[in-house]
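The chain contents come next:
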Amino acid sequence: MAPERRLPVTLVSGFLGSGKTTLLENILTSPDHGLRIGVIVNDVGSLNIDAALLTSHDVTRKEEQVVAMQNGCICCTLRGDLLEEVSRLAEEKHVDYLVIESSGVSEPMQVAETFSEEFADMHVAAGFDLEAEELGDQEANQRLAKILKAGGLSKVARLDTCATLVDAVNFMQDFATADFLVDRQTDVPEEDDRNISDLQVDQVEFADVVIINKCDLVSEEEVDRIKGVVKKLNPSAKVVSTVKSRLDLTEVLDTRLFSYERAALSAGWLKSLNEEVNPETEEYGIGTFVYRARRPFHPARLWDMIKSVFVVIQTEYQVEGEDMDVDKDEIDVNSGEDTDEDSDMEDEQPQLDPKARLASKMADKTFGPLLRSKGFMWLATRPRMYGEWSQAGVMLTISGQDLWRCEIPEDEWPADIETRIAITRDFDGKWGDRRQELVFIGQHMGTGGEERLRKALDACLLNDEEFHTWEMAMGSNDVQGKLDELFEDGFEDWIDIDRHGHHHSNGHHHGDHKH
């Protein structure tokens, strides 16, 4: 077997102040690993290292440069800075190992895709697209196109470890914040609508190694509680506790832990759904359970349950015929241009700003202890499509996803036998694979928390009489019309892209309602 010649890479993620720079300093000053280290950082000036020492390593400051091509496809949005710098280091062979400090606002999955063999064909195609691109810096485009056409970074480098640092002082507080990135970071554009709680979860769920840093500044009980949360968010990650980011560097260098497929499937909520981990266990006071039901939610009752305890984020789609054809995230508290009808709707809500919504959640015995939840939901008014529910802290994102499998002809299912068997396992009775399947992670689950959440969710399901009328409507000649008559639905429309690429509005149309 030929020796591995690709440049090994460790990606270090974490919020500002979590200890990433200190970890880099420890790596660069350590006499133990014997490696000549290449480092790509956001700010070389922040590294408190003697200049003479840096001469034995390769430290480069690189601004994040996103190359977005004219077609705007997300898979063609590339990190140009990484492509060029990693390719240079790999080609020059002056370093044995590369460490990349990701910015505090980066999502590690997106950076990892740049290195992953799974995306090599996509990168080759993007290279040819970029070569023909007429916009932007032509010289830079050609340099990047050459790298991509050769197969991208996966041909010259391998992602070895994804390490995420979390600040023990602020970790739990960042589940109890109403802050968006723009509230804390000066280097993100105003239109960046990501929030702190979601980003923290993304960074933990995708990691191979989670480093809980600054453990000397909190109690042992708090460290244990953070460990409990991390293990529920990412059961397969290695968890290390540190002070001043000091650890055995073999924990983060040349571990060979990273696998894109494993990382993409490592989230605790997904493992719980797939029953790879026992969700009914509680560790350090943090518990998990899976909520399952074979009845749809009543949209109005579901909205009543969530409206005062979450900042509900939805995607608002432009109505056909309007000038703009752009999707945008609509946050339920942005209500500056409501019509009178919308204002009446919002008068019913007890809070209209994120901080008040957070205070309401924290005071709520049912939802206050809830840290994370995610899964699939079934709304009575939207029988063709399933929705995704994704919550971190006070932030809850609800969006339409795809058709239920029972709505897709079997000849359009994947050909793989095992996959088809797995699909049919989700079917149960007349209504196919339609179901509620939501994973909840939080505190006090074993002491009444799970029971209270189950009771609240059960109350949102259609009762026997409603379900009977729903089934009658499903057998009518005008299914959607009948359902809209039966059940009030104020959620944003979900766009159903049928098998032929046509768009259909799935659900009750409600114009400009904002939540």
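These numbers come from a predicted model, not from an experiment.

**Q** Which parts of the structure should I look at to understand the pattern of salt bridges?
**A** Oppositely charged side chains can pair when the atoms bearing their charge come close. What the rule picks out here adds up to 23 salt bridges. The salt bridge partner of Glu 437 is Arg 292, with a shortest N-O separation of 3.1 Å. With Glu 437 in strand β17 (residues 436-443) and Arg 292 in strand β11 (residues 286-293), this pair connects stretches of sequence that are 145 residues apart. In this structure Arg 292 comes out as partly exposed when scored by relative accessible area, which is 38%. With a shortest N-O distance of 3.6 Å, Lys 307 and Asp 304 are connected by a salt bridge. Assessed through its relative accessible area of 13%, Lys 307 is described here as buried. Owing to a relative accessible area of 46%, Asp 304 belongs among the partly exposed residues under this scheme. A single network of salt bridges, built from pairs that share partners, joins Asp 174, Asp 179, Arg 184 and Lys 355.

**Q** Explain the environment of Glu 84 here, please?
**A** When you line up the elements, Glu 84 lands in helix α3 (residues 80-92). Judged by relative accessible area, Glu 84 falls into the partly exposed class, the value being 23%. When residues no more than four places from it in sequence are discounted, the contact partners of Glu 84 are Arg 143, Leu 144 and Ile 147.

**Q** I would appreciate a short explanation of the packing of aromatic side chains in the present structure.
**A** For any two aromatic rings, the description comes down to two numbers: the centre-to-centre distance and the angle of the planes. If you walk through the whole model with that rule in mind, you get 14 aromatic pairs. Their ring planes at 75° and their centres at 5.5 Å tell us that Phe 310 and Phe 367 sit as a pair that is edge-to-face. Taken together, the residues span a long stretch of sequence, with Phe 310 in the loop between α12 (299-306) and β12 (311-316) and Phe 367 in the loop between α14 (354-363) and β14 (370-377) at a distance of 57 residues. A relative accessible area of 0% means that Phe 310 is categorised as buried. Centroid distance Tyr 386 to Trp 404: 5.3 Å. Interplanar angle 55°. Geometry classified as tilted. Of this pair, Tyr 386 sits in strand β15 (residues 385-392) while Trp 404 sits in the loop between β16 (395-403) and α15 (417-425); the two residues are 18 residues apart in sequence, bridging distant segments of the chain. By the ring-pair criterion, three or more aromatic residues cluster together here, those being Phe 289, Phe 310, Phe 367, Trp 389 and Phe 440.

**Q** Is there a simple way to think about helix α17 (residues 464-474) in this case?
**A** Along an α-helix, residues three or four positions apart point the same way, because every turn accommodates 3.6 residues. Burial in α17 covers these residues: Glu 466, Phe 467, Trp 470, Ala 473 and Met 474. Along α17, the residues classed as buried sweep out an arc of 115° about the axis, all on the same side. Residues of α17 that are exposed and point over 90 degrees away from its buried face: Asp 464, Glu 465 and Met 472. Contact partners of the buried residues in α17: α12 and α18 (479-486). Capping the start of α17, Asn 463 holds a side-chain oxygen 3.2 Å from the backbone nitrogen of Glu 465, two or three residues further along.

**Q** What is the right way to look at the nonpolar core in this model?
**A** Nonpolar side chains in soluble globular proteins tend to end up buried together. Core analysis: the biggest nonpolar cluster contains 33 residues, and Phe 297, Leu 302, Met 305, Ile 306, Trp 389 and Phe 440 have the highest contact counts within it. Those elements that provide at least two residues to this core are β11, α12, β14, β15, β16, β17 and α16 (449-458). Top contributing element to this core by residue count: α12, with 4 residues. With near-sequence residues (within four places) excluded, Trp 389 lies in contact with Leu 302, Met 305, Ile 306, Ser 373, Lys 374, Gly 375, Met 377, Leu 396, Thr 397, Ile 398, Leu 438 and Phe 440. Judged by nonpolar contacts, the second largest core, of 28 residues, contains Val 9, Leu 83, Leu 98 and Phe 119.

Conventions adopted
Residues numbered from 1 in each chain as written. Predicted model: local features only at pLDDT ≥ 70, side-chain atom pairs only at ≥ 80, totals over all residues. Heavy atoms only, no water. Salt bridge = Lys/Arg side-chain N within 4 Å of Asp/Glu carboxyl O. Helix = DSSP H or I, 4+ residues; strand = E, 2+ residues; numbered from the N terminus. Buried < 20%, exposed > 50% of the residue type's maximum accessible area, 1.4 Å probe, protein only. Contact = heavy atoms within 4.5 Å. Phe/Tyr/Trp six-rings, centres within 6.5 Å; stacked < 30°, edge-to-face > 60°. Arc of directions from axis to C-beta. Polar contact = N/O pair within 3.5 Å; in protein donor to acceptor, adjacent residues only side chain to side chain. Core = buried A, V, L, I, M, F, W, Y, C linked by side-chain atoms within 4.5 Å.

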